[in-house]
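# Summary of the model geometry
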Amino acid sequence: MSLTKVYSFETNDKVSQALGEFIAQASSESIARNGRFTIAFSGGSLPATACKYLRNNQNIDFSKWYVFFADERCVKLDSHDSNFRLVREELLDYLVQQNRSIPADQVMVINDDLIHEPAKVADDYLVKMQSVFAEANKIRFPEFDLILLGIGPDGHTCSLFPKHPLLEVKNDWVASIDDSPKEPPQRITLTLPVVNHARRVAFVVTGAGKKSTVKAILDEKNTHMPASLVAPIKGDSYWFLDDAAAKGLTENTPTEFKL
Ligand SMILES: O=C(O)[C@H](O)[C@@H](O)[C@H](O)[C@H](O)COP(=O)(O)O
């Protein structure tokens, strides 16, 4: 059974610090065990919060990282809507400047020549996932070392939205969506079974605007919210909150994350 560990911090900056340490720890454990670190980033506010301290942590061996996207918008890679672009600006460009880049072929981006056909973007992304999780023929789902997730006010996570048929996907690793209620409408997303096969899942949620959503998921276990359906089969879920987002919690008393 997976554990849910909730941590809250006074400020967004402190969330960034603790999350940076957490990711560094996950990276070194994974590299020690398996020689590499497979991580998936969400978009929105997450890359800025996650990378603020991470990018300057000199103890991380970024050459062993394989970077994926928990979801990606079907837009050009240089578009301001691209989740890749956010991760490039918040992490990859800094690492280039420091001469410790993640090798380009280990950053798994969508093929942006296909963006007008999201199903093809998803097919192409599956091939990319299979190339890294080479044991694909033997395993049912990839096991990411860490998937970083945000949540929307409606409880969506990745591009898995409330009441959407994608929540029922049982076998696919990656799916396309043409009618995302959050702009832009065309996206691809990891599926719930893939999220639930990760070794670690970390939600990162900040700001008073998410307070009632966090409470609905963590205290009230509101299963209409897709984030409530995240329960890693073997791994644990971590919640990195700022105090504003954690304010409505009662049963789960958030504790400061001590490293
Ligand atoms: O690309 C996206 O839109 C996402 O990956 C999405 O799932 C995001 O993480 C949440 O909507 C939270 O976004 P904010 O952190 O910006 O509120």
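Summary of the structure given here. Given the structure is predicted, the values throughout are model-derived calculations rather than measurements. (Residues numbered from 1 in each chain as written. Predicted model: local features only at pLDDT ≥ 70, side-chain atom pairs only at ≥ 80, totals over all residues. Heavy atoms only, no water.)

Around the ligand sit 14 residues in total, of which Ser45, Asp71, His156, Cys158 and Lys182 are the nearest. Ser45 has a polar side-chain atom sitting 2.5 Å from an oxygen atom of the ligand. A distance of 2.7 Å is found between an oxygen atom of the ligand and a side-chain nitrogen or oxygen belonging to Lys182. Contact with the protein chains removes 89% of the 420 Å² of surface that the ligand exposes when unbound. (Near = heavy atom within 4 Å. Polar contact = N/O pair within 3.5 Å; in protein donor to acceptor, adjacent residues only side chain to side chain. Areas by Shrake-Rupley, 256 points an atom, 1.4 Å probe, with all protein chains shown as cover.)

Once that is clear, we can look at the packing of aromatic side chains. One pass over the full model with this rule turns up 13 aromatic pairs. Arranged with centres 5.8 Å apart and planes meeting at 35°, the rings of Phe68 and Phe133 form a pair that is tilted. Separated by 65 residues along the polypeptide, Phe68 in strand β3 (residues 65–69) and Phe133 in the loop between α4 (118–132) and β5 (146–149) bring together distant segments of the chain. Taken individually, Phe68 and Phe133 each receive the classification buried, so the pair is uniform in this respect. For the ring pair Phe68 and Phe144, a centre distance of 5.1 Å and an interplane angle of 85° mean the geometry is edge-to-face. Of this pair, Phe68 sits in strand β3 while Phe144 sits in the loop between α4 and β5; the two residues are 76 residues apart in sequence, bridging distant segments of the chain. The pair formed by Phe68 and Phe144 is uniform in burial state, with each residue classed as buried. Ring pairing ties together the aromatic residues Tyr7, Phe9, Phe22, Tyr238 and Phe240, which thus form one cluster. (Phe/Tyr/Trp six-rings, centres within 6.5 Å; stacked < 30°, edge-to-face > 60°. Helix = DSSP H or I, 4+ residues; strand = E, 2+ residues; numbered from the N terminus. Buried < 20%, exposed > 50% of the residue type's maximum accessible area, 1.4 Å probe, protein only.)

Attention now moves to the nonpolar core. For soluble globular proteins, nonpolar side chains are generally found buried alongside one another. Judged by nonpolar contacts, the single largest core of 87 residues is most densely connected at Ile23, Phe41, Trp65, Leu91, Phe144, Leu148 and Phe240. Among the elements that make up this core, the one with the highest residue count is helix α1 (residues 12–34) (8 residues). (Core = buried A, V, L, I, M, F, W, Y, C linked by side-chain atoms within 4.5 Å.)

Looking now at the side chain of Asp112. One can find Asp112 in the loop between α3 (83–97) and α4. In this structure the side chain of Asp112 is engaged in a polar contact, spanning 2.9 Å, whose partner is the backbone nitrogen of Leu77. Not counting chain neighbours up to four residues away, the residues in contact with Asp112 comprise Val75, Lys76 and Leu77. (Contact = heavy atoms within 4.5 Å.)

The next point concerns the packing of α1 against helix α2 (residues 46–54). At their nearest, the axes of α1 and α2 sit 7 Å apart, and the two run at 70° to each other. The angle between the axes of α1 and α2 places the two elements in the roughly perpendicular class. Seen from above, α1 lies across α2 with right-handed handedness. Within the contact between the two elements, α1 uses Asn12, Asp13, Val15, Ser16, Gln17, Leu19, Gly20, Ile23 and Ala24 and α2 uses Thr49, Ala50, Lys52, Tyr53 and Leu54. A class-by-class count of the residues in the contact of α1 with α2 yields 7 nonpolar, 5 polar and 2 charged. (Axes fitted to C-alpha atoms, helices over the stretch in contact; angles between N-to-C directions. Parallel < 35°, antiparallel > 145°, perpendicular 65-115°, else oblique. Left-handed = near helix turned anticlockwise from the far one by under 90°. Nonpolar A, V, L, I, M, F, W, Y, C, P; charged D, E, K, R; others polar.)

Moving on: the side chain of Thr49. Tracing the backbone shows Thr49 in helix α2. Once residues lying within four places of it in the same chain are set aside, the contact partners of Thr49 are Asn12, Val15, Ser16, Leu19 and Val204.

The sheet built from 6 strands is open, its strands ordered β1-β9-β8-β5-β2-β3 with parallel pairing. Strands with a single pairing partner mark the edges of an open sheet, and in this sheet they are β1 (4–9) and β3. Between one strand and the next, the sheet's axes are offset by a mean angle of 20°, whatever the strand orientation. Bridging between strand β2 (residues 37–41) and β5 involves 2 bridges; their strand directions are parallel. Looking at β5, one finds that Ala40 is bridged to Ile147. (Pairing = 2+ DSSP bridges.)

Moving on: the pattern of salt bridges. Summed over the entire model, instances satisfying the criterion amount to 20 salt bridges. Measuring nitrogen to oxygen at the nearest pair gives 3.0 Å for the salt bridge that ties Asp61 to Lys64. A salt bridge links Arg85 to Glu89; its shortest N-O distance comes to 2.7 Å. Taken together, the residues span about one helical turn, with Arg85 and Glu89 both in helix α3 at a distance of 4 residues. (Salt bridge = Lys/Arg side-chain N within 4 Å of Asp/Glu carboxyl O.)

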